[in-house]
Amino acid sequence: MSDITLGHPSSLIPHQLKRKSILNRSTLMSQILQFFILIPVVGFLAGLFVPRKKERILSGISIATIGLQTLGILTFIVWWLMNRAPTLDIKHIVLYKSPEFEFFIDFYFDSITAVFALVGAVLTFLVAVFSRYYMHRELGFKRYFITLLLFYIGYNLVIFAGNFETLFVGWEMLGISSFLLIGFYRDRYLPVKNALKVLSFYRLGDICLILAMWMSHHLWHKNITFAEWNQSDVVLEAFQGHYLQAMFIVVMILIAAAIKSAQLPFSTWLPRAMEGPTTSSAIFYGSLSVHIGAFLLLRTYPFWQHEMVISGIIIAIGLSTSLVAATIARVQSSVKTQIAYASIAQIGLIFIEIALGWHGLALLHFAGNAFLRTYQLLVSPSVLSYLVHDMFFNFSPRTTQVPDTLFQKIKQAVYVLSVKEWNFDYLLHRFLWRPFKWIGRKSGIMGPRWGLASLLVLFIVGATGFSLKENLHFEFHQYLTLLFSSLALAMVLKAFAEREDAKHAWLTALLSQFFSALSLLWNKDIEWHQTGIYLSGTVVAAIVGYICLHKIESKEGEISLNEYHGHSYEHPGIGLVFLLAALGFSGFPITPTFLGIDLMFTHISANQIVLVVLTALNFLFLELTILRIYSRVFLGQHKKMYHPVAFKSS
Amino acid sequence: MSWVTTSNHQTFQTIKPLKPIKPSNHQTTSFYSILNKMNFSGQNGAKGHSVDVVTPTLPKHEGLAAHELHPSFDEHHVLHELKHYLPAQSALKDFIHHNSLHAYQHLKFYKAIFKASKIFGYQVTLQLQEFRQLYRNGRIRETVLDRVISERKGVDQLAVWKENLLHKPYDASNTPRIGALRSHWKSQFKIDLDSQVQPLLFRILCSYLDQGISLWQFPTDEKGFLSAIQTLERNGFTSFFKTKRARNLLLEGNCTISDLLKMVVGNEAYYEQYLFDQQFSHQGWSGIVSAVEDSPQALLDSKVISLHDLIVFELLLEIDALDACLGKGWEPLCNRVTAPPQNLFADVESTELQEVFSLWQDAFEWDYYDSVLAGLGKSNKRSPQARTAISFQAVFCIDERECSLRRHIEHVDTECETLGAPGFFGVEFFFQPENGKFYEKLCPAPVTPKYLIKEFGASEKRKHELLYTNKTHTLLSGFLSTLTLGFWAAVRTFLTLFRPKMSPAISNAFAHMNEKAQLSIENKGLHDRENDLQIGFTVEEMTARVEGQLRGMGLIKGFAPIIYIIAHGSSSANNPHHGAHDCGACSGRPGSVNARVFAHMANHVKVRALLLTKGIDIPVETQFVGGLHDTAADEIGYFDQGFLTAKNAALHLKNKAAFEKALDLNAKERSRRFASISSKMSIGKIRKAIKDRSVSLFEPRPELGHGTNTLCIVGRRDMTKGLFLDRRAFLNSYDYRTDLEGKLLPGIMRPLGPVCGGINLEYYFSRVDNYKLGAGTKLPHNVMGLFGVANSSDGDLRPGLPVQMIEVHDPVRLLIVVEHFPDVVLKTIQSSPEMYEWFINEWVHLVAVDPATNQFFYFKEGAFLPYHPLTRDIAPVQDFHTLIETATEMETNQIVDATAENLPVMMVNR
């Protein structure tokens, strides 16, 4: 508990008494915060048990849950304002504790949380009511509302989070629920492809957050809370004593925020996320999800506010994004894409406002933008008749302009560039993803049979050799650590680029995690049980997943990753189990693995840049690999064409 | 009376007033009709034929000859073929229903659909287990199934085939021919060319064709698509291409399709197959390009583009992608292809499974038809009521959604008489709303009117919706509007959910015409013209139309004091497909102007005088009143009520009350199919709920459109009056007694194929394969360029109907029942080859009811054969309210559940 902003003492009541009562009330208020996570969790869990055809109950639970939450938040905010709006912070659950490391859930409440919580609750409530009718009889009605609640839990975790760890759990939930809702129409190719594409961006952001957490552990030797950043000495000390490390943290946060808010150069994912039902696009990509980047900046503002460089970078990103995105929005000829870019442009401005410290404006701007874009997306199908009608009465044929002047030529050049979305998609693909795919393909020598066998031998040698660790030279440890870590990354990349056997890719991914663990075992004095925490979830999930793949293979024949199979059409049950296994495997907070990942990183020193990069990349590609396997095997156009199957281009 | 005219006109929906209409040869129609003075040809502009041809020769599709493989590549021929097979749907604002497989209409139905299935991979019937489930649920009766099998396979084969149909396992998976060649890019070259090329191609196409979404339009001149791209590329600062070669090829400007194919494909024998593979990998976009090429006026902001240009540009983008991925020295595709070139259109082998499907389909169809015919038999035996006085007459559109309203109004006022005629009421014209910059066509799509009706005298500007303005998408005004309008948007979202009401952004059927405005219905003289169109009609022209319409319906005596002409339209919110709910006979628009124009003509003193000379004596007291029925909101509005005589005004007041009651009952009947409305609520609440649907942004099913349409009955109302047809029948009034020789019948029957058959088959195909032939679910739709919808930002356009419109539809063909002597009906359908094609190729079924004997004759293989219904008992509707209130909600929208509430034919107690 720290830093509670206090009001001025009243003249009537003795100073001390008032102070104490406010303190007490703040404690009480802090205690209430957890309920804003609990309410949607209860709704989510209740929804799981409702049969999928019970539309009224399913949507009713969502609406009731979010409605209750909205009322609760509203009441809470009024009460909070009446008590002079203290900043609240409370450490709730300690999930893991060891002498050098503590993992705990922490909640926080200030005006930023208040605005985001209120706007989020109101919008989610409106969209849930809208969806109740809109989604009627849609295949996947239950899936939709369950995922909406999962999203809402994640959103609340993020905005109520008092430390990075809590925020990260919510952040992961947002990512996965995005993946599920973009790929909502799982029997078509484009939604599935784009869901993976968006996920790859999100995952990059996740890794940046993990790295920020990792560095902050080293900087403060504990899980720092956002409240502590409000103390200027903590921040000052960090920047004065460890400038580079502190800057590293900020840059990582900045990248994560830019990705999540679709700022340059990561903008192209946003229009491609508009694959799900219009309602989900409206709430995710029109409003809430896409503003989370801005939230992250607001939340971390106390930490970087005095660093002119950072403010400068943020302003530069925001400005260039708003200019470029506004230009792209001008040339878009499909409604949702246009709204997406218009929204990005405004978020660019919000970034600038945050960097300049105009937080009131930023919050107002966020709320306005979120409401406006949600509405515009919800009514986007009406645009056809509205604008055609408009044209009918107001159209004037335009005059052709011959591009003779230099200005005209530049204008046309910008037009072409904007139609191509400034090539960002292509550039990112070429310079960010393609090198990794290349490595993955080159790692093909590690397989299929002999390669895997020799790796196994190597692993056994590595693991057994561990008992000799004491006798070996420290430098040798380091080499082994890097070796195993590189092997782990190469294996993940191989699994990522795998085109043949799904089971093989799955096993390769699993083995890579063993190598990853091994590399960390060699690295430092890590305790076995900590590795155990990490591997326990992974191994169980991987075994369950393997059984699912095996079952599918025995029923349907080979499952190569060269194409989409769409087996969830016939085996939705296996598909669901496999999805859960995949989430567990990749460290989603349903197994202890998510805690393990944090633990593992803690054991990498602040100066082991190579190791941390290797390990981070490993986690980045692990989730992509795993969900790629899920997508290829269970999603997409169904392979068996005895029933209507969508065109690939639709 | 006969009235013949021949002229050639291009078919178009809207034209710019500034440009003269140029006649074109593309869609040539010969104008001949006794009644409607217009010809309904198929979608493909088959050549005109004289009515004297008694033995019809079917229009031969030129492609027939092409089904042998062309070793040498004939670009013109292949482009023509492509255009023939591509989806023909134009911009969504003019939604015109048509047979989704129109390209195969020269073949017999089953042959055609199985061929289409093999070539393009469409599902063309229900799935086997669905038919079997329908059988188990009793929706396909065993007796009917037995008869269908026995008739087609012989009685001795019954057991074998029944076993096949019911139990034999079949592998129904279908590997289409299309796409096989192009798939080698992936298998041989490890490149996904579609993903490399399509997103950018679609984006450029959409930007070029865009009607008004983008704030910054495609920089273009009048020369067309390819030329516009060349101009942009010549600029030189930026390029759509990643590499140089393709760009240079474009700039040099002399690359032909053959040249490019030589680089990409290599072997000339494969060119045709490759182009089909390529264009059908995005048939939606290719289809709209082809449609816009044929009639640029289909878009308000007309664009010059051709399939040729699209192919050239796409091939260049492919070369570009291949250069970028494979480097310079890649070989053409066919260097690595061993399979011989495939003739996509080669005959399709018939299989046992196809037989099974067609037997099931026949059984499914006849199960319903049989009970309909049995019902008609029973209903006809009841002696028609001798009417002493007729309180009023009401003419509705033949649209099957008016079927129930007619039943209810007849129930509420038993003295009234209702009639049905195509909803443009025989008056064909372009309409220009006041201040409108374009004309709207208000008659069936294949007709090109020579008349213009202008609205004037009551300008009422539509209010603006600030939240829709695209200024919110720019940087600075976007900034200001998020801070202001943004919060208004929150309020609006709230109101939208809890207080839905009409707003400018909702398509309002009643706003199509301002009822306070005047219309230029009467022509003022030779010079009263605009853009080659005659403004208004002369008295003679009016008389001809009124006479034709009245005679067609058999309404030539016994006129009531008031005759209502009720058009229909549909209000709906958030619905890009709103045109599909409007009147098909008015090119997908509300028919309010037609109703008003017709009423005006029929009330015209000079017209009355002329009619008298032609033997139609309309009493002076009789007055015609135009009206519009909003089929979604279930409301009726009336036009020009002020001119009614005092006596009629009093009657009108009474009639209006009757209509209101009928609308109450109609709303209640419709509520049966809406899960969100309980039919047990009070009428007032149901009416409110029905009305709210039409203005609710969150409601993807404002109404169910033409879902469940199955029948088209041409004859006197007495034939059907005793039947409960569950809103499934197009009802076209016709009285054989006034037309014993069948002179009027061709004019009546000619539109039935293209209009009713077109609606029916579009619903059929969208239902059986909503993925490939329908538009899929509406919910993820993204409006592209204001002319179409796609699923996402990078997707193909989705022609066809969305799942929300077709889910309750039974995919069965239309049964047309005509009350006349079989030889007259035979002569009628043979009077024009385009009409005959619909029947002889079995795209619709036809039964003639011999008025002398009340016997049924089924048209098969060119002749009428007697038909005896198997159905003995037709259940009566014991109580309408119970029937409606006991409906159960569908479990899912899978066919078997979703159509379980499609009611059988029942008898109405009179």
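Described in the following lines is the structure provided in the data block. Residue indices follow the written sequence of each chain, beginning from 1 at its first position. Both sets of labels track the order of writing: A upward for chains, 1 upward for ligands. Selection of residues for local features in this predicted model requires a pLDDT of at least 70, selection of side-chain atom pairs for listing and counting requires 80 or more, and totals for whole chains, interfaces and linings are taken over all residues. Calculation of side-chain values draws on the structure's entire complement of heavy atoms; hydrogens and water are dropped beforehand.

Each helix and strand in chain A was counted, giving 25 helices and two strands. Between the two quantities, the radius of gyration covers C-alpha atoms and the globule rule is 2.2 Å times the number of residues to the power 0.38. Relative to the compact-globule value of 26 Å for 650 residues, chain A shows a C-alpha radius of gyration of 26 Å, a close match. Each of the three principal axes of chain A carries a C-alpha extent, and together these read 75 × 70 × 60 Å. Going through the 650 residues of chain A one by one, you find that 66% of them count as buried. Across chain A, contacts joining residues at least 24 apart in sequence account for 79% of those joining residues at least 6 apart. Accessible surface is estimated by sampling points in the Shrake-Rupley manner with a 1.4 Å probe; for residues, cover comes only from the protein chains shown. As displayed, chain A has an accessible area near 22800 Å², and 68% of this comes from carbon and sulfur atoms. Strands are runs of DSSP state E lasting at least 2 residues, helices are runs of H or I lasting at least 4, and numbering of each runs from the N terminus. Each residue's exposure class comes from its accessible area (1.4 Å probe, protein chains only) as a fraction of the maximum for that residue type: buried when under 20%, exposed when over 50%, partly exposed otherwise. Contact definition: two residues touch when any of their heavy atoms are within 4.5 Å.

Looking now at unusual backbone geometry. All names here are of chain A. In the segment running from L264 into P265, the intervening peptide bond is cis, with an omega of -5°. The residue P265 is located in the loop between helix 10 (243–260) and helix 11 (269–272) in this model. Backbone geometry at R84 places phi at a positive 65°, although glycine is not the residue there. Structurally, R84 is set in the loop between helix 3 (55–82) and strand 1 (88–98). Using a relative accessible area of 42% as the deciding quantity, one classes R84 as partly exposed.

Here the focus is the packing of aromatic side chains. Residues and elements named next belong to chain B. Two aromatic rings, drawn from Phe, Tyr or Trp (for Trp, its six-membered ring), form a pair once their centres lie within 6.5 Å of each other, and the interplanar angle then sorts them: stacked below 30 degrees, edge-to-face above 60, tilted otherwise. The tally for this structure, following the rule as stated, stands at 93 aromatic pairs over all chains. Here the aromatic rings of W185 and W330 are separated by 6.4 Å at their centres, their planes lie at 75°, and the arrangement is edge-to-face. Note that W185 is positioned in helix 6 (residues 184–189) and W330 in the loop between helix 13 (307–326) and helix 14 (352–381), a separation of 145 residues in sequence. For W330, a relative accessible area of 11% gives the class buried. Residues Y638 and F659 carry aromatic rings whose centres are separated by 6.0 Å and whose planes lie at 55° to one another, so their mutual orientation is tilted. Taken together, the positions of Y638 in strand 11 (residues 635–638) and F659 in helix 20 (residues 646–671) put the pair 21 residues apart, joining distant regions of the chain.

Moving on, we get to the sheet that holds strand 22 (residues 906–908) of chain B. Residue and element names in this part refer to chain B. When DSSP finds two or more bridges between two strands, those strands count as paired. Ordered in space as 13-22-21, the three strands form an open sheet in which the pairing is mixed. If you trace the sheet from one side to the other, it starts and ends with strand 13 (723–724) and strand 21 (876–877), each paired once. As paired elements, strand 13 and strand 22 share two bridges and run antiparallel to each other. Along strand 22, the bridge assignment pairs F724 with M906.

A separate point is the pairing of strand 14 (residues 729–733) of chain B. Residues and elements named next belong to chain B. The element strand 14 is extensively covered by neighbouring structure, given that five of its five residues are classed as buried. Because side chains alternate across strand 14, one face comprises the buried residues A729, L731 and S733, and the other comprises F730 and N732, equally buried. Where strand 12 (residues 711–715) meets strand 14, five bridges bridge the pair, whose relative direction is parallel. Of the residues in strand 14, the one forming a bridge with V714 is N732.

Turning our eyes to something else, we now look at the pattern of salt bridges. Take a side-chain nitrogen of Lys or Arg and a carboxyl oxygen of Asp or Glu: if they are within 4 Å of each other, that pair is a salt bridge. This structure, assessed with the given rule, holds 68 salt bridges over all chains. Salt-bridge contacts for E570(A) lead to K640(A); the nearest nitrogen and oxygen are separated by 2.8 Å. Of this pair, E570(A) sits in the loop between helix 22 (528–556) and helix 23 (572–585) while K640(A) sits in the segment after helix 25 (609–634); the two residues are 70 residues apart in sequence, bridging distant segments of the chain. For E570(A), a relative accessible area of 26% corresponds to the partly exposed category. Between D347(B) and K115(B) there is a salt bridge, and its shortest N-O distance comes to 3.8 Å. Remark: K115(B) occurs in helix 2 (residues 109–120) and D347(B) occurs in the loop between helix 13 and helix 14; sequence separation between them is 232 residues. With relative accessibility at 7%, the residue K115(B) sits in the buried group.

An axis is simply a line fitted to the C-alpha atoms; with a helix, the fit covers only the stretch in contact. Between two such axes, the angle follows the N-to-C directions and lies from 0 to 180 degrees. For the pair helix 15 (residues 359–378) of chain A and helix 16 (residues 476–498) of chain B, interaxial distance at closest approach is 7 Å and the crossing angle is 50°. Overall, the two elements helix 15 of chain A and helix 16 of chain B adopt an arrangement that is oblique. Along this stretch, helix 15 of chain A crosses helix 16 of chain B, giving a crossing that reads as left-handed. Here L361(A), L364(A), H365(A), A367(A), G368(A), N369(A), F371(A), L372(A), R373(A), Y375(A) and L378(A) of helix 15 of chain A lie close against helix 16 of chain B, whose contacting residues are F479(B), T482(B), L483(B), L485(B), G486(B), F487(B), A489(B), A490(B), R492(B), T493(B) and T496(B). Taken together, the residues that form the contact of helix 15 of chain A with helix 16 of chain B break down as 13 nonpolar, seven polar and two charged. Angular relationships are summarised with four words: roughly parallel below 35 degrees, roughly antiparallel beyond 145, roughly perpendicular across 65 to 115, and oblique for the angles in between. Put simply, a crossing is left-handed when the front helix is turned counterclockwise from the back one by less than a right angle, and right-handed when it is turned clockwise. Here the term charged refers only to Asp, Glu, Lys and Arg, the term nonpolar to Ala, Val, Leu, Ile, Met, Phe, Trp, Tyr, Cys and Pro, and the term polar to all other amino acids, Gly among them.

On the side of chain B, 129 residues touch chain A, which itself brings 104 residues to the contact. Where chain A packs against chain B, one counts five salt bridges. With a shortest N-O distance of 2.9 Å, R137(A) and E807(B) are connected by a salt bridge. Think of a polar contact as two N or O atoms within 3.5 Å of one another; within protein, one of them needs to be a possible hydrogen donor and the other a possible acceptor, and neighboring residues in sequence only count if both atoms come from side chains. Where chain A packs against chain B, one counts 49 residue pairs in polar contact (both at pLDDT 80 or more). Those elements that place two or more of their residues in the side of chain A that touches chain B are helix 4 (111–134), helix 7 (189–220), helix 11, helix 13 (308–331), helix 14 (335–356), helix 15, helix 16 (383–394) and helix 17 (406–419) of chain A. Here the residues of the side of chain A that touches chain B sort into 58 nonpolar, 26 polar and 20 charged.

Summarising the element assignment, S649(A) is placed in the segment after helix 25. In terms of polar contacts, S649(A) uses its side chain to reach the backbone carbonyl oxygen of S281(B), at 2.8 Å. The contact partners of S649(A), leaving out residues within four places of it in the chain, are L190(A), Q198(B), S281(B), H282(B), G795(B) and D796(B).

Moving on to the pairing of strand 2 (residues 101–109) of chain A. Residues and elements named next belong to chain A. With nine of nine residues buried, strand 2 lies mostly within the body of the structure. Across the two faces of strand 2 the burial is the same, with F101, F103, I105, F107 and F109 and E102, F104, D106 and Y108 all buried. Where strand 1 and strand 2 come together, nine bridges link them in antiparallel fashion. Each residue of the ladder has a partner; that of K97, found in strand 2, is E102.

The next point concerns helix 3 of chain A. A helix is expected to span 1.5 Å for every residue after the first. Here helix 3 of chain A is 28 residues long and its end C-alpha atoms lie 40 Å apart, about the 40 Å a rise of 1.5 Å per residue gives. One or two steps after helix 3 of chain A, the chain reaches R84(A), where phi turns positive at roughly 65°.

Further remarks concern a positive patch on the surface. For patch detection, residues must exceed 30% relative accessible area and be free of salt bridges, and they are connected within 9 Å for like charges or within 5 Å for nonpolar side chains (Val, Leu, Ile, Met, Phe, Trp, Tyr). Only four residue types enter the tally: Lys and Arg on the positive side, Asp and Glu on the negative side, with His and both chain ends excluded. Throughout, a charge is located at the NZ atom of Lys, the CZ atom of Arg, the CG atom of Asp or the CD atom of Glu. Taken together, the side chains of R430(A), R434(A), K437(A), R441(A), K442(A), R499(A), K186(B), K190(B) and K242(B) make up a positively charged region of the molecular surface. Examining the composition of the positive patch, we find that five residues originate from one element, helix 18 (residues 424–442) of chain A, more than from any other. Take K437(A): it is sitting in helix 18.

Take it as geometry only, folks, not as evidence of what the structure does.
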